[in-house]
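Observations on the model geometry
Next come the chains, spelled out residue by residue.
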Amino acid sequence: MIPRQLFPAQAGLSHLNPVDQADRAVSYTAMIFNFGSINIDHVYRVAQMPSPGETIVAASYRKLLGGKGINQSIAIARAGQVPVHIGAVGADDEWTLAQVKGFGIDTAHVARSAQPTGHAVIYVNDAGENQIVIFGGANQDLQQAQIDKAFEQTVGGDHWVLLQNETNLLAEIVDQAKAAGFRVAYSAAPFVADTVAHLIGRIDLLAVNEIEAREAAGLLGVAVSEIAVPEMLITRGSKGAEFHSDGEVFRQDAFLVDAVDTTGAGDTFLGSFLAHYCNGLPIAQSLRYASAASALQVTRPGAAVAIPARDEVERFLYERKA
Ligand code: RIB
């Protein structure tokens, strides 16, 4: 049986003032099924990015858990929800499985593939910016049986499926999710034009950064604000975020912090937002929580390893409010 997480009564939302808390109608019954990539991130700290044809020396190297999918699941978990993560790693890769478990993510739906675990080569420069090359590997080897297994164990409820562009079988997952009455959140990253064009009319929530938003708009031949999806989350890094819903636009400023590494900041924002929003917290509070979580995340190196726990985010929000 898939674990069914109900938030504790107080829901750890002490950053809300009493009025906000009283106004919330939080159900805490939605589950998030994340069909998501799992990568080994090879992270090289460099003074500046190499130019084409140039060889440079890295200041440091770290091997870390990453992948947009698992980063988002970890953000959901750290915000207090229990995601169901469906993914795959290489058959003999105990390191990555142990990492996933170590972050509190159940591996019951993580298959062992004949393909090697997906990986990313990441350069992070002194400005905290990154360049990433990914190799799909096992992430591109999800099996239909995994989709069936995930959905067959689900009991009713207001559930969500979460997808990114780092795995295969996206259209099949969306079809089954819709048939089961789930809502679908789709992170169009990395941007793959054909896939976005195919999925955009079938999803409930599109999550993009500002570059992906422009790419999606260009692809569809419309303005960003005219992208025809029921809901859209646009993250703009230090320029904040906005959420389009039902003709309304909600804006959230970014918190001012000293960023050392922005890898995984968008994943942190999305996972943190969904953990709250999918369970009934109003959009404005969900955005504020996600903004604080990603602000904290960029102040330390790494992707998954840098995602803050809920009590830390709440403390940050409390201090900022004060
Ligand atoms: O969004 C950051 C992630 O993108 C990294 O962890 C890397 O694995 C790539 O998937």
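Structural notes, computed from the coordinates. Each chain has its residues counted from 1, running along the sequence as written. At least 70 in pLDDT is required for a residue's local features to be given in this predicted model, at least 80 for side-chain atom pairs to be given and counted, and no such filter applies to totals for whole chains, interfaces and linings, which use all residues. Side-chain numbers here rest on the full set of heavy atoms in the structure, without hydrogens or water.

1. Digging into the overall build of the protein chain
Comment: elements are numbered from the N terminus, with helices defined as DSSP H or I runs of at least four residues and strands as E runs of at least two. Helix and strand counts for the protein chain stand at 10 helices and 13 strands. Based on C-alpha atoms, the radius of gyration is set beside the globule rule, defined as 2.2 Å times the residue count to the power 0.38. At 19 Å, the protein chain has a C-alpha radius of gyration in line with the 20 Å of a compact globule built from 322 residues. Burial classes follow relative accessibility: with a 1.4 Å probe on protein chains only, a residue under 20% of its type's maximum area counts as buried, one over 50% as exposed, and anything between as partly exposed. Within the span of the protein chain, comprising 322 residues, buried residues form 52% of the whole. Long-range contacts, defined here as pairs at least 24 residues apart, represent 67% of the contacts in the protein chain between residues at least 6 apart. Here, Shrake-Rupley sampling with a 1.4 Å probe gives the accessible areas, and only protein chains in the shown set may cover a residue. When the accessible surface of the protein chain is totalled, it reaches about 13600 Å², and 52% of it is carbon and sulfur. Each charge sign in the protein chain was given a centre, from 23 positive and 35 negative side chains, and these centres are 5 Å apart. In this analysis, two residues are considered to be in contact whenever any of their non-hydrogen atoms come within 4.5 Å of each other. His residues and chain termini do not enter the charge count, which takes Lys and Arg as positive and Asp and Glu as negative. Note on charges: their place is set at NZ of Lys, CZ of Arg, CG of Asp or CD of Glu.

2. Topic: the layout of surface pockets
Lining residues are defined by having an atom within 4 Å of a point belonging to a cavity or pocket. Those points lie on a 1 Å grid over the protein atoms alone, cavities being sets where a 1.4 Å probe fits but cannot get out and pockets being open sets with protein on both sides within 12 Å along at least five of seven lines. Grid points are joined across faces, edges and corners, and a volume is the space filled by probe spheres set on the points. Reported here for the largest pocket is a volume of approximately 1300 Å³. Looking at which element gives the most residues to the lining of the largest pocket, the answer is helix α8 (residues 265-277), with five residues.

3. Re the site of the ligand
The full set close to the ligand counts 13 residues, and Asp41, Gly67, Lys68, Glu166 and Asp267 are the nearest of them. For the ligand, whose unbound accessible area comes to 280 Å², protein coverage reaches 96%. If you list the elements that add at least two residues to the shell around the ligand, you get β2 (39-45) and α2 (68-78). Residue type decides the class: Asp, Glu, Lys and Arg count as charged, Ala, Val, Leu, Ile, Met, Phe, Trp, Tyr, Cys and Pro as nonpolar, and the leftover types, Gly among them, as polar. Its residues assigned to classes, the shell around the ligand shows three nonpolar, six polar and four charged. Near residues are defined by distance, with any heavy atom within 4 Å of the molecule or strand qualifying the residue.

4. Some thoughts on the side chain of Asn34
When you line up the elements, Asn34 lands in strand β1 (residues 32-35). The definition of a polar contact used here is a pair of N or O atoms within 3.5 Å, where within protein one atom must be able to donate a hydrogen and the other to accept one, and adjacent residues in sequence count solely through side-chain atom pairs. Within the local environment of Asn34, its side chain forms a polar contact with the side chain of Gln164, the two groups lying 2.8 Å apart. Discounting chain neighbours no more than four positions away, the residues touching Asn34 are Gly69, Gln72, Ser73, Val84, His85, Ile86, Leu162 and Gln164.

5. Details of the packing of aromatic side chains
Centres within 6.5 Å make a pair out of two Phe, Tyr or Trp rings, where for Trp the six-membered ring is used; the pair is then stacked when the planes are under 30 degrees apart, edge-to-face when over 60, and tilted otherwise. Counted under the stated rule, the structure contains 11 aromatic pairs. A ring pair is formed by Tyr44 and Tyr123, whose centres lie 6.2 Å apart and whose planes are at 70 degrees; its orientation type is edge-to-face. Of the two residues, Tyr44 is situated in strand β2 and Tyr123 in strand β6 (residues 118-124); the sequence distance between them amounts to 79 residues. Both rings, one in Phe151 and one in Phe182, keep their centres 5.2 Å apart while their planes meet at 70 degrees; by these two values the pair is edge-to-face. Of the two residues, Phe151 sits in helix α4 (residues 144-152) while Phe182 sits in the loop between α5 (170-179) and β9 (183-187), which places them 31 residues apart along the sequence.

6. Structural notes on the sheet that holds β2
Spatial ordering of the open sheet is given by β3-β2-β6-β7, a layout of four strands whose pairing is mixed. Both edges of this open sheet fall to β3 (60-66) and β7 (130-135), since each of them pairs with a single strand only. Within this sheet the neighbouring strands show an average axis-to-axis angle of 20 degrees, counted without direction. Here the rule is simple: two strands pair whenever DSSP picks up at least two bridges between them. Across seven bridges, the pairing between β2 and β6 is parallel. Residue pairing for β6: Val43 is matched across the bridge by Ile122. Along the sheet face, helix α3 (residues 94-102) touches β2 and β3 and points at about 65 degrees away from the line of β3. The convention used is that axes are lines fitted to C-alpha atoms, helices contributing only their stretch in contact, and that angles between N-to-C directions extend from 0 to 180 degrees.

7. Comments concerning the nonpolar core
Across soluble globular proteins, you tend to see nonpolar side chains buried next to one another. Here the nonpolar core consists of buried residues drawn from Ala, Val, Leu, Ile, Met, Phe, Trp, Tyr and Cys, with membership extended through side-chain atoms lying within 4.5 Å. Counting residues in each nonpolar core, the largest one holds 35 residues, and the members touching the most others are Phe33, Phe35, Val161, Leu163, Tyr186, Leu206 and Ile227. When residues of this core are assigned to their parent elements, the largest contribution, four residues, is made by α5. For Ile227, the residues in contact, after removing those within four places along its chain, are Ile200, Leu206, Ala213, Ala216, Ala217, Leu220, Val222 and Met232. One finds Ile76, Ala185, Leu270 and Tyr277 within the second-largest nonpolar core, a separate group that totals 31 residues.

8. Digging into the packing of α4 against α5
Packing of α4 against α5 brings their axes to within 11 Å, and their N-to-C directions diverge by 20 degrees. Taken together, the axes of α4 and α5 lie roughly parallel to each other. Handedness of the crossing formed by α4 with α5: right-handed. Taking contact as the criterion, the partners of Gln144, Ile147, Asp148 and Phe151 in α4 are, on α5, Glu172, Ile173, Gln176 and Ala177. Taken together, the residues that form the contact of α4 with α5 break down as four nonpolar, two polar and two charged. Just so you know how the angles are binned, under 35 degrees is roughly parallel, over 145 roughly antiparallel, 65 to 115 roughly perpendicular, and the rest oblique. Crossing chirality is assigned from the near helix's rotation relative to the far helix, an anticlockwise turn below a right angle marking it left-handed and a clockwise turn marking it right-handed.

9. Side note on the environment of Tyr61
You can see Tyr61 is positioned in strand β3. On the accessibility criterion, Tyr61 (42% relative accessible area) is partly exposed. Put simply, Tyr61 and Ile200 are 139 residues apart on the chain and 38 Å apart in space, counted from C-alpha to C-alpha. If near-sequence neighbours (up to four positions away) are discounted, Tyr61 is found in contact with His42, Val43 and Tyr44. Looking at Tyr61, its side chain comes within polar contact range of the side chain of His42, at 2.6 Å.

10. Re the sheet that holds strand β11 (residues 231-235)
With mixed pairing, the nine strands of this open sheet are ordered in space as β5-β4-β1-β8-β9-β10-β11-β12-β13. At either end of the open sheet lies a strand with only one pairing partner, and these are β5 (110-113) and β13 (248-252). Here the strands of the sheet are splayed against their neighbours by 15 degrees on average, with no regard to which way each runs. As judged from the four bridges shared by strand β4 (residues 84-90) and β5, these two strands associate in the parallel manner. Paired with Gly87 across the two strands is Val110, which belongs to β5. The strands touched by α4 within the sheet are β1, β4, β5 and β8 (160-164), with β1 carrying the most contacts at an inclination of about 175 degrees.

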